[in-house]
Amino acid sequence: RHCVPRARAMPHAAVAPSPSPTPRWRAQHRARVRRVRARAAPTPIDVVTVDEYAEKLKPLAQSATLVGAFYDSRVNVIARGALRACAIPLLDRGFHRGHGVFDACAIRGGGAHALRAHVERLVSSAREARIDFNRDADEIEAIVMATIRASGVRDGQVRMYVTSGVARSFALTDMGDMASFYVACYAKAPDVDGDARAMRDGWRAVSSPIPIKPPKYARLKSTNYMPNVHCAMDASERGADVGCFLTTDGFIGEGPGANVAFLTPDGTLRTPPATEVLGGITIRRIKELIEMPANAKALRKVGVKKFDDSQPLSAFVVIGAEEAMLIGSACDVKPIVQWDGKLIGDGTVGAATKLLAELLAHDMLHGDARVDVDAM
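Because the structure is a prediction, the values reported are computed rather than measured.

Peer 1: Just checking my understanding: could you explain helix H4 (residues 115-128) for this structure?
Peer 2: Every α-helical turn comprises 3.6 residues, leaving residues that sit three or four positions apart pointing alike. Taking 1.5 Å of rise per residue, the 14 residues of H4 would be expected to cover 20 Å, and the 20 Å separating its terminal C-alpha atoms lies within 8% of that figure. Where H4 terminates, the next one or two residues include Arg 130, which has phi positive at roughly 60°.

This is the structure:
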């Protein structure tokens, strides 16, 4: 127990202290209550059948912005149109228990970049999550490519989800009859202006106070994204472009949806080992591009000699880095010019970051890791 010192008796002539301010959470709660009471009477709630409920959902798809195709293993169909109209059951354990994994792959110019690697990581994540998913990589890849072709998407993203299935109840141990597999493919036009602005001005990063996931769960790509969402929210609230998790030992971790890398003065592009963070597919591809003899000369001109992901990275690596960058399939390569208010290098977007972004962009359109939709 904490010992609370006894308050001294105050002389009659003394002035009583002013009351302590109302705690912030209590003031916020009272403000919410006032807002709720000020609202008009709530709209009456209709009681309908499940079929009538399904009919009421249909108009919601008319305002959808994501259009493409959706594969559902429960009925083994690919549905084309607005993804908002597609449905996942309430009793799917990936929803109500978070027992699911996913992966995502960029589509550029009618090709899926590093699709095989993303599929293999999906299978590995499902195994580590103890989901009985009995489809092999070849079958998964065929379904994903069929979904992409059905969508007609040339530039966008394809997302793959595996859950432990649709249960009969909300019980923790009710695992469902079989795993569910969903694929969603949608168009996403390149953000030309945003990308140009990022490559001109760079991004600001901050160390996140949000605890990183334990290594066992950080190394698999699960649908449990609460820490990731909070990390992104915290960064935005602090006026930064991206937050970065720190490990329990205070080393550099990862972004909420991408890996981080630093170019050190010895010409090494360093990134944390995949022991306490997710092993990124895109940063692995960056490593391969750095190690390709055809790229060696151009990389040396901008100061990149090798890639290293064998050692934990302390804050001193950030302080001494010449360049820093965020690398992932959703963001490609984005320069970081400021970290926790301190400039990286001279505070401008470096030549190495620009070259690596160009090499990755070329690889997405012409590299051997690309799977062309029209070729299958």
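Having seen the model, we can carry on.
Peer 1: Sorry, what's going on with the environment of Phe 262 here?
Peer 2: Tracing the backbone through its elements, the reader meets Phe 262 in strand E9 (residues 259-263). With relative accessibility at 0%, the residue Phe 262 sits in the buried group. Considering only alpha carbons, one finds Phe 262 and Gly 239, 23 residues apart in sequence, at a separation of 22 Å. Not counting residues up to four positions away in its chain, the partners in contact with Phe 262 are Ile 252, Thr 268, Leu 269, Arg 270, Leu 313, Val 317, Val 318, Ala 321, Glu 323, Ala 324 and Trp 339.

Peer 1: Before we go on, may I ask you to explain the packing of aromatic side chains in this structure?
Peer 2: The way to describe two aromatic rings as a pair is by their centre distance and the angle between their planes. Tallied over the entire structure, the rule returns six aromatic pairs. Aromatic side chains Phe 70 and Tyr 182 sit 5.9 Å apart centroid to centroid with 15° between the ring planes, which places their arrangement in the stacked category. Of this pair, Phe 70 sits in strand E1 (residues 67-72) while Tyr 182 sits in strand E6 (residues 180-187), placing them 112 residues apart in sequence. With a relative accessible area of 11%, Phe 70 lands in the buried category. Consider the rings of Phe 133 and Phe 181, whose centres lie 5.5 Å apart with planes at 55°: the pair is tilted. One end of the pair, Phe 133, is in the loop between H4 and helix H5 (137-151); the other, Phe 181, is in strand E6, with 48 residues separating them in the sequence. Take Phe 133: its relative accessible area is 13%, and that puts it in the buried class. The rings of Tyr 71, Phe 133 and Phe 181 are connected pair by pair, giving a single aromatic cluster.

Peer 1: Would you take a moment to explain the pattern of salt bridges for this structure?
Peer 2: Pairing between side chains of opposite charge can happen when the charged atoms of each approach one another. Enumeration according to the criterion identifies 22 salt bridges in this entry. The partner of Glu 120 in a salt bridge is Arg 116, with the nearest N and O atoms 3.6 Å apart. Highlighted residues: Glu 120 and Arg 116, both in helix H4, separated by four residues, approximately one helical turn. Of the charged contacts, one joins Asp 363 and Arg 285 as a salt bridge, the two residues approaching to 2.8 Å between their closest N and O atoms. Of this pair, Asp 363 sits in helix H12 (residues 351-366) while Arg 285 sits in helix H9 (residues 281-291), and the two are 78 residues apart along the sequence.

Peer 1: I would appreciate a short explanation of a positive patch on the surface in the present structure.
Peer 2: A contiguous patch of positive charge on the surface is contributed by Arg 26, Arg 30, Arg 32, Arg 34 and Arg 35. Its relative accessible area of 55% is what places Arg 34 among the exposed residues.

Peer 1: Just to check I follow, could you spell out the packing of helix H10 (residues 293-301) against H12 for this structure?
Peer 2: Angle between the axes and distance between the axes are the two parameters that describe a pair of packed helices. Where H10 contacts H12, the two axes come as close as 10 Å, and the packing angle between them is 155°. Taken as axis vectors, H10 and H12 run roughly antiparallel relative to one another. Judged by the sense of rotation from one axis to the other, the crossing of H10 with H12 is right-handed. Contact residues: H10 offers Asn 295, Ala 298 and Leu 299, while H12 offers Leu 355, Leu 356 and Leu 359. Classifying every residue of the contact of H10 with H12 by side-chain character gives five nonpolar, one polar and no charged.

Peer 1: What is the right way to look at the pairing of strand E3 (residues 100-108) in this model?
Peer 2: Of all nine residues making up E3, eight are buried, and the element is well covered by its neighbours. Bridge count between E3 and strand E5 (residues 156-163): eight bridges; the pairing is antiparallel. Residue Val 101 lies in a different strand from E5, and its bridge partner there is Val 162. Linking E3 back to strand E4 (residues 111-113) in an antiparallel pair, the connection comprises two residues, with Gly 109 at a positive phi of about 55°.

How each quantity is defined
- Residues numbered from 1 in each chain as written.
- Predicted model: local features only at pLDDT ≥ 70, side-chain atom pairs only at ≥ 80, totals over all residues.
- Heavy atoms only, no water.
- Helix = DSSP H or I, 4+ residues; strand = E, 2+ residues; numbered from the N terminus.
- Expected span 1.5 Å × (residues − 1).
- Buried < 20%, exposed > 50% of the residue type's maximum accessible area, 1.4 Å probe, protein only.
- Contact = heavy atoms within 4.5 Å.
- Phe/Tyr/Trp six-rings, centres within 6.5 Å; stacked < 30°, edge-to-face > 60°.
- Salt bridge = Lys/Arg side-chain N within 4 Å of Asp/Glu carboxyl O.
- Patch = residues over 30% accessible without salt bridge, like charges linked within 9 Å, V, L, I, M, F, W, Y side chains within 5 Å.
- Areas by Shrake-Rupley, 256 points an atom, 1.4 Å probe, with all protein chains shown as cover.
- Lys, Arg positive; Asp, Glu negative; His and termini not counted.
- Charge placed at Lys NZ, Arg CZ, Asp CG, Glu CD.
- Axes fitted to C-alpha atoms, helices over the stretch in contact; angles between N-to-C directions.
- Parallel < 35°, antiparallel > 145°, perpendicular 65-115°, else oblique.
- Left-handed = near helix turned anticlockwise from the far one by under 90°.
- Nonpolar A, V, L, I, M, F, W, Y, C, P; charged D, E, K, R; others polar.
- Pairing = 2+ DSSP bridges.

By themselves, these observations are geometric and do not establish any function.
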